[in-house]
Amino acid sequence: MSRFAELLDDFFFRPDEDVSGLQDFAAGSDGVASSTPEEVPEEYLSFLLEGESYAVPIRLVREISKVPPLTEIPRAEPHLLGVMNLRGELLPAYDIKVRLGLTERVPLVAGPDAPAPPRDARVLVLRTETGPAGVWVDSVSGVVKLKPSMLEPPPGLRLGDKDCVVGIGRRGPSLYILLDPEQALTP
């Protein structure tokens, strides 16, 4: 065997050699348990309110519906639009723009004189502790996956304060205001 062949034989692995440790190392694992767990993204349903992107965890969304006729409830909370009949189930319908301070008051959308809802408006039927509830949104954007490292606490909110805005999700140049539906529907 030539000197060159001996060098090559020392350089390359033989088929009977165990090289699994090197393959793991090359793949980024040195066989030691990683101290940082793999980030599992959570899916959020994103939607628009007054031109801003908001999102709620998709696991809390039961369904998305076109805006059905609403029946106004006298002396109800300012953000309660009324009740809606969704396939025989009566559900409260909310406009959380008032709760978020995006508008002064809820426009009249219930009753016989109410104008037709905008074409892109939808009602998100959310799962809450008190049962399903509808939330009026201007339009639904889609599903976005956000890893925990993409989430930031809302600026200006002191730790321990309960608010319906629970964070900001950042995906590339897009920002999503993350909402807690339970807090958003509380007066």
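In this text the structure is predicted, and so the values were computed from the model without any measurement. (Residues numbered from 1 in each chain as written. Predicted model: local features only at pLDDT ≥ 70, side-chain atom pairs only at ≥ 80, totals over all residues. Heavy atoms only, no water.)

## Concerning empty space enclosed by the protein
The final tally for this structure, using the stated rule, is one cavity of 30 Å³ or more. Taken as a whole, the largest cavity spans an internal volume of roughly 50 Å³. Lining the largest cavity are Phe47, Val56, Ile96, Leu124, Leu126, Val135, Leu179, Pro181 and Ala184. Per-class residue counts for the lining of the largest cavity are nine nonpolar, no polar and no charged. (1 Å grid on protein atoms, 1.4 Å probe; cavity = no way out; pocket = protein on both sides within 12 Å on 5 of 7 lines; lining within 4 Å. Points joined across faces, edges and corners; volume = space filled by probe spheres on them. Nonpolar A, V, L, I, M, F, W, Y, C, P; charged D, E, K, R; others polar.)

## A word on the pairing of strand 11 (residues 165-171)
The pairing of strand 10 (residues 151-152) with strand 11 spans two bridges and is classified as antiparallel. Bridge pairing in strand 11 places glutamate 152 opposite isoleucine 168. Where strand 11 meets strand 12 (residues 174-179), six bridges bridge the pair, whose relative direction is antiparallel. Residue pairing in the sheet places valine 165 in a bridge with leucine 179 of strand 12. Counting the residues between successive antiparallel strands, the hairpin from strand 11 to strand 12 contains two residues, one of them, glycine 172, with a positive phi of roughly 60°. (Pairing = 2+ DSSP bridges. Helix = DSSP H or I, 4+ residues; strand = E, 2+ residues; numbered from the N terminus.)

## A short note on the sheet that holds strand 6 (residues 89-94)
Read from one edge to the other, the open sheet built from six strands follows the order 3-7-8-6-5-4, with strand pairing classed as mixed. The sheet is open, and its two borders are formed by strand 3 (61-66) and strand 4 (70-71), each paired with just one other strand. Sheet topology note: the strand 6/strand 8 (residues 133-137) ladder contains two bridges and is parallel. Among the inter-strand pairings, alanine 93 is bridged to a residue of strand 8, identified as glycine 134.

## Describing unusual backbone geometry
We note that glutamate 50 has phi near 50°; this positive angle belongs to a residue other than glycine. The class for glutamate 50 is partly exposed, based on a relative accessible area of 47%. With a phi close to 55°, arginine 75 is a non-glycine residue in the positive phi region. Inspection of the secondary structure puts arginine 75 in the loop between strand 4 and strand 5 (80-86). (Buried < 20%, exposed > 50% of the residue type's maximum accessible area, 1.4 Å probe, protein only.)

## A word on the pattern of salt bridges
With the rule as written, the count across this model stands at seven salt bridges. Here arginine 62 makes a salt bridge to glutamate 63, at a shortest N to O gap of 3.2 Å. A relative accessible area of 30% places arginine 62 in the partly exposed class. Here glutamate 63 falls in the buried class, since its relative accessible area comes to 19%. Shared partners join several salt bridges into a network, and the residues in it are Arg62, Glu63, Arg87 and Glu89. (Salt bridge = Lys/Arg side-chain N within 4 Å of Asp/Glu carboxyl O.)

## Observations regarding the environment of lysine 145
Following the sequence through the fold, lysine 145 ends up in strand 9 (residues 139-146). Since its relative accessible area comes to 45%, lysine 145 is described here as partly exposed. Placed 101 residues apart in sequence, lysine 145 and tyrosine 44 show a C-alpha to C-alpha distance of 6.2 Å. Every residue in contact with lysine 145, bar those within four places of it in the chain, is listed here: Pro41, Glu42, Glu43, Met150 and Arg171. (Contact = heavy atoms within 4.5 Å.)

## Let's talk about the sheet that holds strand 2 (residues 52-57)
In spatial order, the strands read 9-1-2-12-11-10; together these six strands make up an open sheet with mixed pairing. The open sheet has two edge strands with one neighbour each: strand 9 and strand 10. Here strand 1 (residues 42-49) pairs with strand 9 via seven bridges, running antiparallel. Counterpart to glutamate 42 in the pairing with strand 9 is leucine 146.

## Description of the nonpolar core
Ranked by internal contacts, the top residues of the largest apolar core, which has 21 residues, are Phe47, Leu49, Tyr54, Ile96, Leu100 and Leu179. Of all the secondary structure elements, the ones that give two or more residues to this core are strand 1, strand 2, strand 7 (122-126), strand 8, strand 11, strand 12 and helix 4 (181-185). Excluding its chain neighbours within four sequence positions, the residues that come into contact with isoleucine 96 are Leu49, Val135, Leu179, Ala184 and Leu185. Judged by nonpolar contacts, the second largest core, of eleven residues, contains Val67, Leu70, Leu86 and Ala121. (Core = buried A, V, L, I, M, F, W, Y, C linked by side-chain atoms within 4.5 Å.)

Just geometry here; none of it tells us what the structure is for.
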